[in-house]
Amino acid sequence: MRRFAPFIAAAFLALGGCATIPAAPVARPGVASDGVGSVSAADPRAAEAGASIIRQGGSAVDAAIATMLALNVIEPQSSGIGGGSFIVTFDAAKATVDTYNGRETAPAAAGGDWFFKDGKALTVAEAIPGGKSVGVPGNIRNAALAHQAHGKLPWLSLFQPAIALARDGFAVTPRLYASLKTYAATGALSADARALFYQPDGSPVPVGTIVRIPALAATLTQIGERGPDSFYVGPNAQAIVASVNASPVNPSRMTTGDVATFKAEHLAPVCGLYRGYRICGMGPPSSGATTVFALLKQLERFDLGALGKDNPVAWHLIAESMRLAYADRDRYLADADYVRVPLTGLLDTAYLASRSALISPDRTMANVTAGVPSGAPATALGLETVEQGTTHFVAVDRYGNVASMTSTIESPFGSGLRVGGYYLNNELTDFSLTPTGADGRPVANRVEGGKRPRSSMAPTIVFSPDGKVRLAVGAAGGATIIAQVAKAIIGVIDFNLSAREAIAMPVLFAPGDTVFVEKGSAHEAMIPALRALGHADVRTRDPSFKANAVEWVGGRWVGAADPRSEGRRRPRNAFDPASDEETRDEEDGRRWRKLRSNISPTW
Ligand code: GLU
């Protein structure tokens, strides 16, 4: 296991056991809970897949794997076995936190000019479709590694709910329909995707259509029966390589050796203390944990709770801390197996206090640049992209073990290429497409053979001052993930909100000098006040966000799904509007009542 900082590992020895699981069912929209644990996911059918595993006595990791596989089937635009993942786990018996890195790798042939054509770097939009953006998928070996350490049920049983969904069919949701429509160019790139999800006139199949994917059912059955290596060696690996290399758009140079040698990693978590709460997450190649933690820690000297969640000054402070944290992230974070990431320096309390000292409650910083943490190498800034091909879910089992997992294919429908009924990722566009910055210095996140692109995914577990799990949370939405996760934590710790309320709170995203506030949200009313504080460029942005969490509150596990996603719905008999007053709104109620008449009764 790679150690990030000695204090991190040592800190876990002090953690107490986890709270006991309630005997009574915990009913929450988008969350499958049966009295012995809880699962929260972006789609109720996936939450139910995880819950069914827990009911059979499975562990949190077992449930997370089953949820990931089910999401592959029903939310194909967002994630799947053609992509990668990070898992953060809490083992209640040992009181330890572990992380698992299943981030995709670049083919050995890749280098700084991988995304260059005729001596010029492709734009991100040009680089996404086709073979070159595809990294060797990491999800299956990551799941296998975590299962080896934390699994209780047989590997094959974790595949059964997803196999059933792919074989028997699933209803197209409004969200999948909207993605099929918006991303028709990518979503329909391969012939089998066109046949499954689109009508002859090129429009997506209507909401409620039952789609069956026999090819995916067969792939999942094979990996379930023959084990994880059957994904990486043999016909499936050959199909991946053939597909990316023969792509008419951006052909790759991947080899079966690239696929066969893929390794998932078991890593120490990155943790730090915020107001007495221990925040643990995913280290490099993710920028998630370091950036979430810096954002929080730089705010510690301000009393956000006293300011309150509706106060523009609180959000101004959050924006300022975010600008500082993202500046460091953009300069220093990348795959630590390839570049020196100054991890200890970035997490250092004195360093973060010096960064925090730059923040003023009554005026905007004129100029934000990366700081110089101890151990900082000379690197340049890299290009950033924003995506939506990701999904987060949390599972808690009857023993109090927790798995917080984010799974991705990067952009909606990834590269658009499909093999074996699943989409291949376009994760390699998470690299900087140019190897050097404007100043000629190398970019930490440049393309290199075998390297993993930097991620923003931030599966996180938060421990109360008494050492017990308080919250497990994560999100989808590219670079906004960090802002969403930090907001959820601030909501729970500083504003004393439930996880559901904290997730529902509007998003503010300030990765640079522009401040984006969530379109149509209460934050829009703060725009004049933010401008008065000196934020010259404040814009609104569509709420393409999606977070999921499980929290321990009032002596029980309570799941929280994002009201912006379909995960808010109940896992079973979800569509009786009267049963779901808590989060229902009229528009969604109507939409789902309509869908209900089209879905299979076994759902
Ligand atoms: N590929 C992105 C990352 O790893 C996530 C994309 C998304 O959230 O949609 O940071």
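Please read all numbers here as calculations on a predicted model, not as lab measurements.

**Some details on the packing of aromatic side chains**
For step 1, the next point in the chain: One pass over the structure, following the stated rule, counts 10 aromatic pairs.
For step 2, the next point in the chain: Every member of this aromatic cluster is reached through a ring pair, and the members are Phe231, Tyr232, Phe262 and Tyr422.
For step 3, the next point in the chain: Its end group placed over the ring of tyrosine 232, arginine 141 keeps NZ or CZ at 4.1 Å from the ring centre.
For step 4, the next point in the chain: Directly above the ring of tyrosine 423 sits arginine 418, whose terminal nitrogen or CZ lies 4.7 Å from the centroid.

**What to know about the pattern of salt bridges**
For step 1, the next point in the chain: According to the stated counting rule, one finds 24 salt bridges in the structure shown.
For step 2, the next point in the chain: Among the salt bridges present, the one from arginine 355 reaches aspartate 328, with a minimum N-O distance of 3.4 Å. Taken as a pair, arginine 355 in helix α18 (residues 349–356) and aspartate 328 in helix α16 (residues 312–332) lie far apart in primary sequence, 27 residues in all. No difference in accessibility class separates arginine 355 from aspartate 328, as the two residues are buried.
For step 3, the next point in the chain: Salt bridges here are not isolated pairs; linked through shared partners, they connect Arg103, Glu427 and Asp430.

**Examining the environment of valine 211**
For step 1, the next point in the chain: Counting through the fold element by element, valine 211 comes out in strand β8 (residues 210–211).
For step 2, the next point in the chain: The class of valine 211 is buried, set by a relative accessible area of 3%.
For step 3, the next point in the chain: Considered as a pair, valine 211 and alanine 171 are 40 residues apart in the sequence and their alpha carbons are 6.4 Å apart.
For step 4, the next point in the chain: Not counting residues within four places of it along the chain, the set of residues in contact with valine 211 comprises Leu165, Gly169, Phe170, Val172, Leu196, Phe197 and Val205.

**Brief notes about the UniProt feature "active site" (unreviewed entry) in the protein**
For step 1, the next point in the chain: Listed under "active site" (unreviewed entry) in the UniProt record, and renumbered for this structure, are Thr390.
For step 2, the next point in the chain: Looking at the secondary structure, you find threonine 390 in strand β12 (residues 389–396).
For step 3, the next point in the chain: Threonine 390 gets classed as buried once you look at its relative accessible area, which sits at 4%.
For step 4, the next point in the chain: With sequence-adjacent residues up to four places away left out, threonine 390 is seen in contact with Ser78, Thr406, Ser407, Thr408, Glu410, Met457, Ala475, Ala476 and Lys546.

**A closer look at the state of the cysteines**
For step 1, the next point in the chain: Going through the model one piece at a time under the given rule, you end up with one disulfide.
For step 2, the next point in the chain: A disulfide bridge connects cysteine 271 with cysteine 280, and the sulfur atoms are separated by 2.2 Å. Linking cysteine 271 and cysteine 280, the disulfide has an S-S dihedral of approximately 115° and is accordingly described as right-handed. By the burial criterion, cysteine 271 is buried, and cysteine 280 matches it.

**Here we look at the sheet that holds strand β17 (residues 469–476)**
For step 1, the next point in the chain: Across the sheet, which stays open at both edges, the six strands sit in the order β10-β11-β16-β17-β21-β22 with antiparallel pairing between neighbours. Edge positions in the open sheet fall to β10 (270–274) and β22 (556–561), since each of these has one partner strand only. Neighbour to neighbour, the strand axes of the sheet diverge by 15° on average, direction disregarded.
For step 2, the next point in the chain: Sheet topology note: the strand β21 (residues 546–553)/β22 ladder contains six bridges and is antiparallel. Residue pairing for β22: glutamate 551 is matched across the bridge by valine 558.

**Side note on unusual backbone geometry**
Negative phi is the rule for most residues except glycine; trans is the rule for most peptide bonds.
For step 1, the next point in the chain: Of note, the bond from proline 284 into proline 285 is cis; its omega dihedral lies within 30 degrees of zero at 15°.
For step 2, the next point in the chain: Note that proline 285 resides in the loop between β11 (277–281) and α14 (288–297).
For step 3, the next point in the chain: Positive phi, normally seen in glycine, also occurs at arginine 275, with a value near 50°.
For step 4, the next point in the chain: By secondary structure assignment, the location of arginine 275 is in the loop between β10 and β11.
For step 5, the next point in the chain: Arginine 275 gets classed as partly exposed once you look at its relative accessible area, which sits at 26%.
For step 6, the next point in the chain: A positive phi angle, near 65°, is found at phenylalanine 413, a position not held by glycine.
For step 7, the next point in the chain: Along the chain, phenylalanine 413 falls in the loop between β13 (402–410) and β14 (418–419).
For step 8, the next point in the chain: Residue classification places phenylalanine 413 among the buried residues on the basis of a relative accessible area of 0%.

**Points about the site of the ligand**
For step 1, the next point in the chain: Residues in contact with the ligand amount to 16 residues; listed here are only the nearest, Thr390, Glu410, Glu427, Ser456 and Gly478.
For step 2, the next point in the chain: Here an oxygen atom of the ligand and a side-chain polar atom of arginine 103 are 2.9 Å apart.
For step 3, the next point in the chain: Between the ligand and glutamate 410, the relevant distance is 2.5 Å, taken from a nitrogen atom to a side-chain nitrogen or oxygen of the residue.
For step 4, the next point in the chain: In the complex, the protein chains occlude 99% of the 290 Å² of accessible area that the ligand would expose alone.
For step 5, the next point in the chain: Elements with a minimum of two residues in the shell around the ligand: β12 and β13.
For step 6, the next point in the chain: Residue composition of the shell around the ligand, grouped by class: three nonpolar, eight polar and five charged.

**Brief notes about the pairing of strand β20 (residues 537–541)**
Remark: a regular strand shows side chains that alternate across the two faces of the sheet.
For step 1, the next point in the chain: Sheet analysis places strand β19 (residues 514–518) next to β20, joined by five bridges and oriented parallel. The residue of β20 that forms the bridge with threonine 514 is aspartate 537.
For step 2, the next point in the chain: Read from β19 through helix α21 (residues 527–532) to β20, the crossover connection turns out right-handed.

The rules behind the values
Residues numbered from 1 in each chain as written. Predicted model: local features only at pLDDT ≥ 70, side-chain atom pairs only at ≥ 80, totals over all residues. Heavy atoms only, no water. Phe/Tyr/Trp six-rings, centres within 6.5 Å; stacked < 30°, edge-to-face > 60°. Lys NZ or Arg CZ within 6 Å of the ring centre and 35° of its normal. Salt bridge = Lys/Arg side-chain N within 4 Å of Asp/Glu carboxyl O. Helix = DSSP H or I, 4+ residues; strand = E, 2+ residues; numbered from the N terminus. Buried < 20%, exposed > 50% of the residue type's maximum accessible area, 1.4 Å probe, protein only. Contact = heavy atoms within 4.5 Å. UniProt positions renumbered as here; feature names shortened; annotations may be inferred. Disulfide = S-S within 2.5 Å. Pairing = 2+ DSSP bridges. Axes fitted to C-alpha atoms, helices over the stretch in contact; angles between N-to-C directions. Near = heavy atom within 4 Å. Polar contact = N/O pair within 3.5 Å; in protein donor to acceptor, adjacent residues only side chain to side chain. Areas by Shrake-Rupley, 256 points an atom, 1.4 Å probe, with all protein chains shown as cover. Nonpolar A, V, L, I, M, F, W, Y, C, P; charged D, E, K, R; others polar. Right-handed = clockwise from strand over helix to strand, strands pointing away.

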